[in-house]
Amino acid sequence: MKLDRALIKSQARQLIKGRVFILFLITFVVTLLANGATFTYNFNNNVDLDALKNFSSDSKNIGGINDLEDYLNDFDDYLDNGNDGSEEAPVPKLKKSGFKRYFARLGGIVSLACAPLMILLCGVYLMLIRGNAPELYDEFSYVFRNTFDKNYFNKFLLMLLKGIFTFLWSLLLIVPGIVYAYKIYFAEFIQAEYPELTWKDSLELSKKITRDHKGELFVFDLSFIPWYLLMIITLGFAGIYIMPYYFTAKALFYENFKLRALQTGVINETDFMTEAQKYAKFVSENPAPAGQSYYQPLPKAPQNNYSQPQQNAYPQYAPVPPQQPTYAPAPVYSQPAPPQAPAVPQEAPAPTEKDNETL
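All values derive from a computational prediction rather than experimental measurement.

Chemist: Please set out the overall build of the chain residue by residue, giving values where relevant.
Modeler: Helix and strand counts for the chain stand at 16 helices and zero strands. Of all 359 residues assigned to the chain, the portion counted as buried reaches 29%. Within the chain, counting contacts between residues at least 6 apart in sequence, those at least 24 apart form 69% of the total. A total accessible area of about 24800 Å² is found for the chain, and carbon and sulfur atoms account for 61% of it.

Here it is as structure tokens:
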């Protein structure tokens, strides 16, 4: 089931009516901070305008095709190694002043630090398509306040690793890099809508949502080529309309891609939850029996005091005392028995008559 690209773009044009300038302003500022500094860094690192101006002064002497070809060859050598190949008239190598070098490095740092702003810019367009877009001041406050918060490092890793992975895939060939870029096409929108997710979860969810539908996204981007040409012809003034138009259409594509993936069973609601949220959902749907709990924290053992013998760490598991015997034990005297009185000597009995007869 393919999406109706023409219908989605028509909806985008309807949504930005009356808000084109406000959306352009926030988009331009964020894009300039996140990407414009990188352009400045690359431009200052590769081109020195003063040196090129001095070199191009010789272009006035070009009189034909052969002269033009020689000039371009010399210019190519000039950019490569700073020498036009002639020993008599060497061309000085391009050099940057200290200020330009410092400015280029500063621009690269600012661009890298502000890259997570693009995630919150996607969040602005998600609010727009859902009918609760804020005003201009609120949009700037929303973007900058929610970018530099406790989850900043997670958003920073997403933008950094997204660029690194795309670059590494591009080293194989151009095509694998393009394919991977469309796999993670919606990572920023997912992170903007579900900030609790990690950067890895956002990338994996984007891969699931775009599975078997990357061609639709490629055609969607190709459909904006005439608009980009119009922006070049108008020296960038058409971007006031094109930039909000493109981001709004992209947000609508994300919303439709996500709904289609949910309906077809490619993803489910738990894919957008953290582990803690999944556990809370399980407990709410499956309550524990009465008197029991799914989670029972273990008792903490007291710290060992090596100056005293170790006590029982878990008193609830103390050994049961031995049972008392059922019989009465014999008494034990703590003192010796008193001495008996000496025996009294007895008198001999008197002889009887029988005894006398025997005598």
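We are not done yet, so read on.
Chemist: Got a sec to walk through unusual backbone geometry? Specific residues and values, please.
Modeler: Unusually for a residue other than glycine, Asp212 sits at a positive phi of about 65°. Secondary-structure assignment places Asp212 in the loop between helix 11 (199-209) and helix 12 (214-222). The phi dihedral of Leu235 is positive, around 60°, even though this residue is not glycine. The residue Leu235 is located in the loop between helix 13 (225-233) and helix 14 (239-263) in this model.

Chemist: For the side chain of Thr210, give the residues involved together with the corresponding values.
Modeler: Within the element layout of this structure, Thr210 appears in the loop between helix 11 and helix 12. Within the structure, Thr210 has its side chain in polar contact with the backbone oxygen of Ser206 (distance 2.8 Å).

Chemist: Kindly report on the packing of helix 8 (residues 152-172) against helix 11, identifying the contributing residues and their values.
Modeler: Where helix 8 meets helix 11, the axes come as close as 9 Å, and the angle between the chain directions of the two elements is 50°. By the angle between their directions, the pair helix 8 and helix 11 is classed as oblique. Along the contact surface, helix 8 presents Asn154, Leu157, Leu158, Leu161 and Phe165, while helix 11 presents Trp199, Ser202 and Leu203. The class makeup of the residues in the contact of helix 8 with helix 11 is six nonpolar, two polar and no charged.

Chemist: How would you sum up the nonpolar core? Please name residues and give values.
Modeler: With 56 residues, the main nonpolar core has Val143, Phe186 and Phe253 as its most contacted residues. When residues of this core are assigned to their parent elements, the largest contribution, twelve residues, is made by helix 6 (residues 117-129). Excluding residues within four positions of it along the chain, Val143 makes contact with Ile26, Val30, Leu117, Leu120, Leu121 and Val124.

Chemist: How would you summarise the packing of helix 13 against helix 14 if you had to cite specific residues and measurements?
Modeler: At a closest axis distance of 10 Å, the pairing of helix 13 and helix 14 adopts a crossing angle of 155°. Here helix 13 lies roughly antiparallel to helix 14, going by the angle between them. For the element pair helix 13 and helix 14, the recorded crossing hand is left-handed. Here Trp227, Tyr228 and Met231 of helix 13 come into contact with helix 14, specifically with Gly239, Tyr241, Ile242, Tyr245 and Tyr246. Class assignment of the residues belonging to the contact of helix 13 with helix 14 gives a composition of seven nonpolar, one polar and no charged.

Chemist: Before we move on, can you summarise the environment of Leu33 with the specific residues and values?
Modeler: With respect to the secondary-structure elements, Leu33 resides in helix 2 (residues 20-46). The class for Leu33 is partly exposed, based on a relative accessible area of 27%. Separated by 77 residues in the primary sequence, Leu33 and Val110 place their C-alpha atoms 7.1 Å from one another. Apart from residues lying up to four places away in sequence, Leu33 is in contact with Val110, Ser111, Cys114, Leu117 and Phe144.

Chemist: Just give me the short version of the pattern of salt bridges, but keep the residues and values in it.
Modeler: Enumeration over the complete set of coordinates arrives at eight salt bridges. A salt bridge links Asp149 to Lys155, with the nearest nitrogen and oxygen atoms 3.0 Å apart. Of the charged contacts in the structure, one is a salt bridge between Glu216 and Arg260, with a shortest N-O distance of 3.1 Å. Within this pair, whereas Glu216 is found in helix 12, its partner Arg260 is found in helix 14, the two being separated by 44 residues in sequence. Summarising the burial analysis for this pair, Glu216 and Arg260 share the class buried. Several salt bridges share partner residues, and in doing so they unite Arg130, Glu193, Glu255 and Lys258 into one network.

Chemist: Which residues make up the packing of aromatic side chains, and what values do they have?
Modeler: All chains considered together, the criterion is met by 26 aromatic pairs. Aromatic side chains Tyr182 and Tyr185 sit 5.4 Å apart centroid to centroid with 15° between the ring planes, which places their arrangement in the stacked category. Neither residue differs from the other here; Tyr182 and Tyr185 are each classed as buried. Each ring, one from Phe220 and one from Tyr246, has its centre 5.9 Å from the other, and the planes form 15°; the classification is stacked. In this pair, Phe220 sits in helix 12 while Tyr246 sits in helix 14, placing the two residues 26 residues apart along the sequence. Overall, the relative accessible area of 14% leaves Tyr246 in the buried class. One residue, Lys9, lies across the ring of Phe224, its end atom 4.5 Å from the ring centre. When the ring centre of Phe257 is taken as origin, the NZ or CZ atom of Arg260, which lies over that ring, is 4.6 Å away.

Thresholds applied
- Residues numbered from 1 in each chain as written.
- Predicted model: local features only at pLDDT ≥ 70, side-chain atom pairs only at ≥ 80, totals over all residues.
- Heavy atoms only, no water.
- Helix = DSSP H or I, 4+ residues; strand = E, 2+ residues; numbered from the N terminus.
- Buried < 20%, exposed > 50% of the residue type's maximum accessible area, 1.4 Å probe, protein only.
- Contact = heavy atoms within 4.5 Å.
- Areas by Shrake-Rupley, 256 points an atom, 1.4 Å probe, with all protein chains shown as cover.
- Polar contact = N/O pair within 3.5 Å; in protein donor to acceptor, adjacent residues only side chain to side chain.
- Axes fitted to C-alpha atoms, helices over the stretch in contact; angles between N-to-C directions.
- Parallel < 35°, antiparallel > 145°, perpendicular 65-115°, else oblique.
- Nonpolar A, V, L, I, M, F, W, Y, C, P; charged D, E, K, R; others polar.
- Core = buried A, V, L, I, M, F, W, Y, C linked by side-chain atoms within 4.5 Å.
- Left-handed = near helix turned anticlockwise from the far one by under 90°.
- Salt bridge = Lys/Arg side-chain N within 4 Å of Asp/Glu carboxyl O.
- Phe/Tyr/Trp six-rings, centres within 6.5 Å; stacked < 30°, edge-to-face > 60°.
- Lys NZ or Arg CZ within 6 Å of the ring centre and 35° of its normal.

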